[in-house]
Structure formats: structure tokens, C-alpha cells
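Residues per chain are reported as follows:
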Amino acid sequence: MENTTYIGLSRLSAMRREMDVIANNMANMNSNAYKGERVMFEEYLKGPNAKEKTSFVNDWAVLRDFRAGKLEQTGNTFDFAISGTGYLSIDTPQGRRYTRDGHLRLDADRRLVTSGGHPVLDNRGRDIIIPDGQGVPAMADDGTINVGQQQVAKIDLVNFENEQELRKTAQGLFATTQEPTAAPATTTLVQGMLEASNIEPIVEMTNMINLLRQYQGTQNLIDGENDRLKQAIQRLGRQN
């Protein structure tokens with residue numbers, strides 16, 4: 001008799017998780033290179049035997065939408081947008097990390113670092129140091145950085161076989177156990193631009209409203225089932 005309530009509660013729990021994901025998307029709509037997320041659901045069957053199964057809702061995983069965001073002009077020397085598939089290699093105290101957020105700067109040692117202060121690596125796995133007093137750095141679309149007539153370094157652009165396996169960490173970085181491969185030849189870096197988030201605010205607001213209506217409908221179903229059970233118990237009590 002309580003199966004309806006249990007099924008409804010499983011759906012409410014899943015919708016709460018989905019609402020958290022939508023809210024996180026909305027909060028990051030202005031974050032550089034942020035990729036929208038969606039909850040993947042699956043049916044979970046449980047029962048005393050193979051013929052008597054109850055279908056529950058299980059939020060199985062969170063999937064990312066890896067479509068590229070719009071490239072926006074900034075004019076800043078150390079803003080680099082990735083056009084195509086690929087990631088920058090970043091050195092952190094926790095190990096190698098990866099990002100598409102190209103909002104970079106120079107630290108006190110003139111190393112090229114992320115906004116969080118982590119060094120960006122070249123294609124030999126070394127820090128990139130920009131010499132002082134030799135002109136404004138210029139970057140070719142393959143990631144080669146030149147200062148005056150001197151080639152300083154080439155930014156390491158990598159890719160992965162399964163992007164969904166990337167684990168999100170702090171400051172827009174990703175971790176993975178996969179071995180990186182070279183980014184496709186069609187992938188380029190564009191100086192003076194940044195990749196925007198691929199979140200569409202109107203779509204997210206519509207999803208949030210629809211989810212709220214579903215939540216209210218499921219809650220009404222549970223409340224109705226609870227009232228029905230109360231009435232059944234009261235009638236049984238009067239009969240006895």
C-alpha cells in the first residue's frame with residue numbers, strides 16, 4: 001500500500017538533485033568556459049521476487065554539455081581562447097590538471113599562470129616564463145609564444161578520449177586518470193579573447209520552472225496517497 005509514497009519520494013529526491021544542478025548552471029553562467037551539466041536518470045527495480053517489482057527513480061550520473069561557448073573579445077594580452085577541442089595543461093600541488101579557461105596572467109616570477117596562480121605548462125611539461133623588457137608577447141594560433149624575435153615556448157594543448165570522465169575540481173580545473181593526447185590540428189588558440197560559458201539562461205529558467213511544477217505535482221500525489229491511507233485506517237478501525 002505504501003509503494004506509491006515510496007516511488008513519489010524517490011522522484012522528489014531525484015528532482016532535488018536536478019534542481020541543484022540547474023542552480024549550479026545558473027550560478028556559473030558568467031564563468032569562463034563553463035560547461036552546462038544535466039542529470040542522467042535510470043529506472044531502479046526492487047521487489048521481493050522477479051514478478052513483483054516496483055519501479056523507482058535513481059539519479060545515476062551528471063553529464064556535461066561540452067559544446068563550445070561563444071568567443072568574446074577582451075583585448076587582454078594574456079587572455080587565450082581555445083577554438084576547437086582541447087585543454088590547457090596546468091601544474092598544481094595536487095598534480096596535473098586541465099582547463100579551457102584561458103584567463104591567464106604573469107606572477108611575480110613572470111610565469112604564465114591561471115587566475116588561481118597555477119603555472120601553465122608548455123609542450124615539454126615546463127613552466128612558461130615570459131622575459132621582461134623585450135616587447136609585448138604575441139601568440140600564434142598553434143600556441144607558440146614569441147617575444148620580439150625570440151620564441152619563448154609553445155603552450156601544451158591536449159585532448160582526451162572520454163571527456164565525460166573528467167572530474168571537476170576547484171577553480172575551473174579538471175582532473176583525470178586518462179593519458180592526454182595531442183589536441184587535433186584544427187584546434188587553435190586565439191589571443192585577446194575568452195570562451196564564455198555555454199549556459200543559456202532562458203533555457204535554464206524554463207527547466208527550473210518545469211521542474212518546480214513537476215515537484216509540486218508529485219508532492220500533491222504523495223499528500224493524496226497519505227490522505228487515502230488515513231481514511232482506510234480510520235474505516236478499518238470503526239469496523240473493528
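Residues numbered from 1 in each chain as written. Predicted model: local features only at pLDDT ≥ 70, side-chain atom pairs only at ≥ 80, totals over all residues. Heavy atoms only, no water.

> How should I be thinking about the overall build of the protein in this particular structure?
Secondary structure assignment for the protein yields two helices and 17 strands. Per-residue burial over the protein gives 36% buried out of 240 residues. At a minimum sequence separation of 6, the contacts of the protein that also span at least 24 residues come to 60%. Surface exposure of the protein reaches about 14,100 Å², of which carbon and sulfur atoms provide 48%. (Helix = DSSP H or I, 4+ residues; strand = E, 2+ residues; numbered from the N terminus. Buried < 20%, exposed > 50% of the residue type's maximum accessible area, 1.4 Å probe, protein only. Contact = heavy atoms within 4.5 Å. Areas by Shrake-Rupley, 256 points an atom, 1.4 Å probe, with all protein chains shown as cover.)

> I'm lost on the side chain of Asn159 in this one. Help?
Counting through the fold element by element, Asn159 comes out in strand β12 (residues 157-159). Excluding residues that lie within four positions of it along the chain, Asn159 makes contacts with Thr85, Gly86, Tyr87, Pro180, Thr181, Ala182, Ala183 and Pro184.

> Quick question: what am I supposed to make of the environment of Gly217 here?
Counting through the fold element by element, Gly217 comes out in helix α2 (residues 201-239). When the C-alpha atoms of Gly217 and Gly8 are compared, they prove to be 9.9 Å apart, with 209 residues separating the residues in sequence.

> Can you help me understand the pattern of salt bridges in this one?
Side-chain pairs of opposite charge can arise whenever the charged atoms involved come near each other. In the structure shown here, the tally under the stated rule is twelve salt bridges. As a salt-bridge pair, Glu37 and Arg64 come within 3.5 Å of each other at their nearest N and O atoms. On the criterion of sequence distance, the pair formed by Glu37 in strand β1 (residues 37-46) and Arg64 in strand β2 (residues 54-64) is long-range, its members being 27 residues apart. Residue classification places Arg64 among the buried residues on the basis of a relative accessible area of 13%. (Salt bridge = Lys/Arg side-chain N within 4 Å of Asp/Glu carboxyl O.)

> Looking at this structure, I do not really get the layout of surface pockets. What am I missing?
A water-sized probe rolled over the atoms picks out the places where empty space is left. If you add up the space inside the largest pocket, you get close to 250 Å³. Around the largest pocket sit 17 residues that line it, and Asn32, Ala33, Tyr34, Gly172 and Phe174 are the ones nearest its centre. Among the residues making up the lining of the largest pocket, the classes are represented as four nonpolar, seven polar and six charged. Within this model, the second largest pocket holds a volume of roughly 160 Å³. What lines the second largest pocket is simply Asn123, Asp142, Lys154, Ile155, Asp156, Leu157, Ala182, Ala183, Pro184, Ala185 and Thr187. Here the lining of the second largest pocket is built from residues that sort into six nonpolar, two polar and three charged. (1 Å grid on protein atoms, 1.4 Å probe; cavity = no way out; pocket = protein on both sides within 12 Å on 5 of 7 lines; lining within 4 Å. Points joined across faces, edges and corners; volume = space filled by probe spheres on them. Nonpolar A, V, L, I, M, F, W, Y, C, P; charged D, E, K, R; others polar.)

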